[in-house]
Amino acid sequence: MEDPRAVSTGIAGLDEILDGLRLGDNVVWRVEDLDDYRAFLRPFVETAREQGRAIIYLRYGQHAPLLNPGSGVRVVEIDARGGFEAFTSRVYQLITDYGRGAFYVCDCLTDLLQAWTTDYMVGNFFRVVCPYLFELDTVAYFALCPHSHSHGTLARIRETTQVLIDVRRAGDEVHIQPVKVWRRHSPTMFLPHRQRGERFLPVTDSSDATRLQDRLERQHQEDRQRRLLDYWDRLFLSAGECLDQPADDPQRCAILEELLGALIGHDPRLLGLARQYLGLDDLLAVRARMIGSGLIGGKAVGMLLARNILLAEDAQRWQAALEPHDSFYLGSDAYYAYIVHNGWWPRLMRQRTEAGYFEEGRELHRAMLEGEMPPEIRPELERMLDHFGQYPILVRSSSLLEDGFGNAFAGKYESIFCVNQGSPEQRLAELEEAIRRVYASTLAEDALVYRRQRGLDRLEEPMALLMQRVNGRYHRHLYLPDAAGVGVSRNPFVWDAGLDPKAGMLRLVMGLGTRAVDRIGTDHACVVALDQPHRRPFRDRDDLYRFSQHEVDCLDVNANSLGSLPLRELVAQAEDLPLERLGELDRAATQRARELGDSNPVWRLTFTPLLRSEDFVTRAAAMLRTLESAYCHPVDVEFTVHLDEAGTASFNLVQCRPLPTRGEGSLAPLPESVPEERLFMQSEGHFMGGNLDLHPGHIIRVHSSRYAALSREAKHQVATLIGVLTRRLAEEEPGAPIVLIGPGRWGTSSPELGVPVGFADISRVAVLAEVAEMGSEVVPDLSFGSHFFQDLIESGIAYVALFPGRPGSTYRPQWLDGGPAQPAETPRGQGAPDDVSAAVEHFRVPPGRLRLAADLVEQRLLAYQP
């Protein structure tokens, strides 16, 4: 009885060898000449056409077309140069659209090498589409030139496909040899066969077969040696061979351009900088430190560019002042390999739909935290661990879009410290866990909201990783750098009219840089305006001490974990801390401590001694100025500081990215004064966002005393409720700006200090105001350079800090009750208790009844009824 799933190849002799094809078969032809593929392709297509099959020709190769449109063949052209995900997603969707039982003809897989630079991803593409084609009872023909691919890729394709056939020429003779035929077997099926017209005669004489094989191997001896390498590796070998050629040699220029596209990406502005500051030797050095293949991502690119810019512009200064570079890179191809290896591509495709964007994203996020690393990655990770020994490692996100012009993704993706202690197996397990967490963070809700808000939710966003030795030194069982910081070349939050925003700003902490980029508890980093580094925004020394850093982040080797210690405990546990270079001795507090029986001195981390070092301030200012000049754009950098025995500081530059800024355009003049009954709020300084002039449509206010009375859990519910309300208002009235006002600090992790919103909750707000309410301990703190800070300026969200009672700062909440604002209900039915809803007040403002304007030059902000 005839098998209902049987399909003909269109060649009777070939059907006889293979026992025909079956629905679900993927047929891969390994050929040396595409004309041989065409010869087997045309009978298959003709037979399928006669049977009324839907035949789809996927056209993506650079070679001449294999089939012409018409006569029942549908040609679908796809550009593979858009990247692995875009191409694979398009093919996957086409298979979905054409459905069950369609037949496919594909261009030569080898042509994908020029688009993707690596055949590692060719194998992963095949592992995605082949099972899906099998599931839908299709039959698909593929071709590849085996001598252009590595053994690893060929093995991956062989493992996945149902039928694999070698086609080779010996003189004028064509030989075929089935290598794999799923679930079919005969005594001579896997022997070489000589073609005689439509007949294929098995070579049954072993002597004949041996001579044939020897002849074929001698024809491709050179190719056989190169085939041990991935296309990626061969590309870098060719680059190494060009190093001795002149810089303007056409071959060297061509291969440099290819490597820039393969490693750096396609952003024209970053590519322009890379062409200027990264040479062939730099890219080969990246390859020597690279695991896998693909792009190294925006964070890694920014770091490399910044270092080379500084060295190119002033080598004498920066060769001494910059720590040597010591990073590894996990290429973006490994991210897709992780997804493919764990069978998650169908989930990823569902997540890319409107319906599945968030829901499937949450499921995939959870799954990615538990996935298995592709086995080919592990040996390279072990090699990196051997290099670092037991020094701590920081595993940092470095996605394709991250840290580019306009898309910093600040804080959206994870960065994980690996203390790197224990046996080699434990250290590898810790490293793999960190990689999984960073990979999974691409689908965290804050990241998804950010990408959608900025119109990036349909763009390819593979995650590469930057893995760096943590700069620092051991103090017994504790490990930490002397200091760390964030620098911005434009100070968008100057607190005094005498400060120059163009001079730049630093945010300094002792220990790990986590406190320089995050808003943490009651702690404060040291904020420095580089034009006047000793000018602080404090009334007196008591405020300087009070609003300084009290806890230090460090790595505990014994506990194998990241932790925080109060400065006094750190001083007691650690030796040789450079406190005399970073802080001041509080003599009064030290005397009080002695009176209570504590003989340890009390230090305050004011950074005054470091800032008295002309070299440090001058170098920091020069670094920011030089990078801004090269980028032709303000920049934001992260760095650690190492102090030698003489107290001289050197920098380890770990990140550089364009700083998103609002324009400094013109606006209608602000009134000199506003009658009290029409004034809502005003501030001299303490705001950021450039020049503003807008008419808010909504004001959302967190009532300070009601909020203060809530439990910790209820305060988190307030944050959730604000997110619900802002999203609803933005969807219902997208053109009506929202002003959000609350006590203390927005985005803090400590609800007693403010409202613990995430970026997703406030991403649709136009102006964010922090008010010194709810007790003297609760004060605004923008945390300059923090991820929260980055979110605001990147999203165009203006910020103002209000200190009622201080000169130049006015806040009149009674305007909301007696002015034109109209009370409106907060959303009900969201599961929020009445006391939570009562803490969130919503007011609608009729059009034109409230003007909020700010002048960057005058450092004035006003919100008033015109």
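Cut-offs and rules
Residues numbered from 1 in each chain as written. Predicted model: local features only at pLDDT ≥ 70, side-chain atom pairs only at ≥ 80, totals over all residues. Heavy atoms only, no water. Pairing = 2+ DSSP bridges. Helix = DSSP H or I, 4+ residues; strand = E, 2+ residues; numbered from the N terminus. Axes fitted to C-alpha atoms, helices over the stretch in contact; angles between N-to-C directions. Phe/Tyr/Trp six-rings, centres within 6.5 Å; stacked < 30°, edge-to-face > 60°. Buried < 20%, exposed > 50% of the residue type's maximum accessible area, 1.4 Å probe, protein only. Lys NZ or Arg CZ within 6 Å of the ring centre and 35° of its normal. Parallel < 35°, antiparallel > 145°, perpendicular 65-115°, else oblique. Left-handed = near helix turned anticlockwise from the far one by under 90°. Contact = heavy atoms within 4.5 Å. Salt bridge = Lys/Arg side-chain N within 4 Å of Asp/Glu carboxyl O. Expected span 1.5 Å × (residues − 1). Arc of directions from axis to C-beta. Polar contact = N/O pair within 3.5 Å; in protein donor to acceptor, adjacent residues only side chain to side chain. Lys, Arg positive; Asp, Glu negative; His and termini not counted.

**Q** Is there a simple way to explain the sheet that holds strand S35 (residues 809–811) in this structure?
**A** Hydrogen bonds between backbone groups are what pair the strands of a sheet, and the pairing can be parallel or antiparallel. Ordered in space as S30-S38-S39-S28-S35, the 5 strands form an open sheet in which the pairing is antiparallel. The strands lining the two open edges of the sheet, one partner per strand, are strand S30 (692–694) and S35. Strand-to-strand, the axes of this sheet are offset by a mean angle of 10°, without reference to chain direction. Of the strand pairs in this sheet, S30 and strand S38 (residues 851–855) are connected by 3 bridges, and their pairing is antiparallel. Paired with Asp693 across the two strands is Ala853, which belongs to S38.

**Q** Looking at this model, I keep getting lost on the packing of aromatic side chains. Mind explaining?
**A** Aromatic rings in a pair are described by how distant their centres are and how their planes are angled relative to each other. For the structure on display, the rule yields 31 aromatic pairs. Centroid distance Tyr335 to Tyr439: 5.2 Å. Interplanar angle 70°. Geometry classified as edge-to-face. With a gap of 104 residues between them, Tyr335 in helix H15 (residues 332–341) and Tyr439 in helix H19 (residues 424–440) connect regions that are remote in the sequence. For the pair Tyr335 and Tyr439, a shared accessibility class is recorded, and that class is buried. Taken together, the ring pairs in this structure connect Tyr60, Phe84, Phe87, Trp116, Phe125, Tyr335, Tyr336, Tyr338, Trp344, Trp345 and Tyr439 into an aromatic cluster. Over the aromatic face of Phe759 sits the side chain of Lys412, whose NZ or CZ is 4.5 Å from the ring centroid.

**Q** What should I look at first to understand the packing of helix H5 (residues 120–135) against H15 in this one?
**A** Pairs of packed helices are described in terms of their axes, by the angle between the two and the distance that separates them. Running from N to C, H5 and H15 point in directions that differ by 25°, and their axes come no closer than 10 Å. Between H5 and H15, the angle is such that the two are roughly parallel. The chirality of how H5 crosses H15 is left-handed. Of H15, the residues touching H5 (which contributes Tyr120, Met121, Asn124, Arg127 and Val128) are Asp333, Tyr336, Ala337, Val340 and His341.

**Q** Explanation requested: the packing of helix H10 (residues 250–263) against helix H12 (residues 280–288) in the structure shown.
**A** One can describe the packing of H10 onto H12 by two numbers: an axis separation of 10 Å at closest approach and a directional angle of 45°. As far as their axial angle goes, H12 and H10 are oblique. Crossing angle aside, the handedness with which H10 passes H12 is left-handed. Along the contact surface, H10 presents Arg252, Ile255, Leu256, Leu259, Leu260 and Leu263, while H12 presents Leu280, Leu283 and Val286.

**Q** How should the pattern of salt bridges be read in this particular structure?
**A** A complete count under the given rule lists 43 salt bridges for this structure. Between Arg184 and Asp25 there is a salt bridge whose closest N-O contact spans 2.9 Å. Placement of the pair is Arg184 in the loop between strand S9 (173–181) and strand S10 (193–196) and Asp25 in the loop between strand S2 (21–22) and strand S3 (26–30), with a sequence separation of 159 residues. By relative accessible area, which is 8% here, Arg184 ends up buried. The exposure class of Asp25 is buried, given its relative accessible area of 1%. Residues participating in the shared-partner salt-bridge network are Arg5, Arg100 and Asp137.

**Q** Sorry if this is basic, but what is going on with H10 here?
**A** Every α-helical turn comprises 3.6 residues, leaving residues that sit three or four positions apart pointing alike. Between its terminal C-alpha atoms H10 stretches 20 Å, which fits the 20 Å expected from 14 residues at 1.5 Å a residue. Restricting attention to buried positions, one finds in H10 the residues Arg252, Ile255, Leu256, Leu259, Leu260, Ala262 and Leu263. End-on, the buried residues of H10 take up no more than an arc of 165°, which puts them together on one face. In this structure, the buried residues of H10 make contact with helix H9 (231–241), helix H11 (268–277), H12, strand S12 (290–291) and helix H13 (297–313). Taking the backbone nitrogen of Gln251 as reference, a side-chain oxygen 3.0 Å away marks Asp249 as the first, capping residue of H10. The first or second residue beyond H10 is Gly265, which carries a positive phi of 120°.

**Q** Would you explain the side chain of Arg427 in this entry?
**A** Turning to its location among the elements, Arg427 is positioned in helix H19. Among buried Asp, Glu, Lys and Arg side chains, Arg427 stands out as unpaired, with Asp386 the closest opposite charge at 5.5 Å. Only 3.0 Å separates the side chain of Arg427 from the side chain of Asn420, close enough to count as a polar contact.

That's the geometry; what it means functionally is another story.
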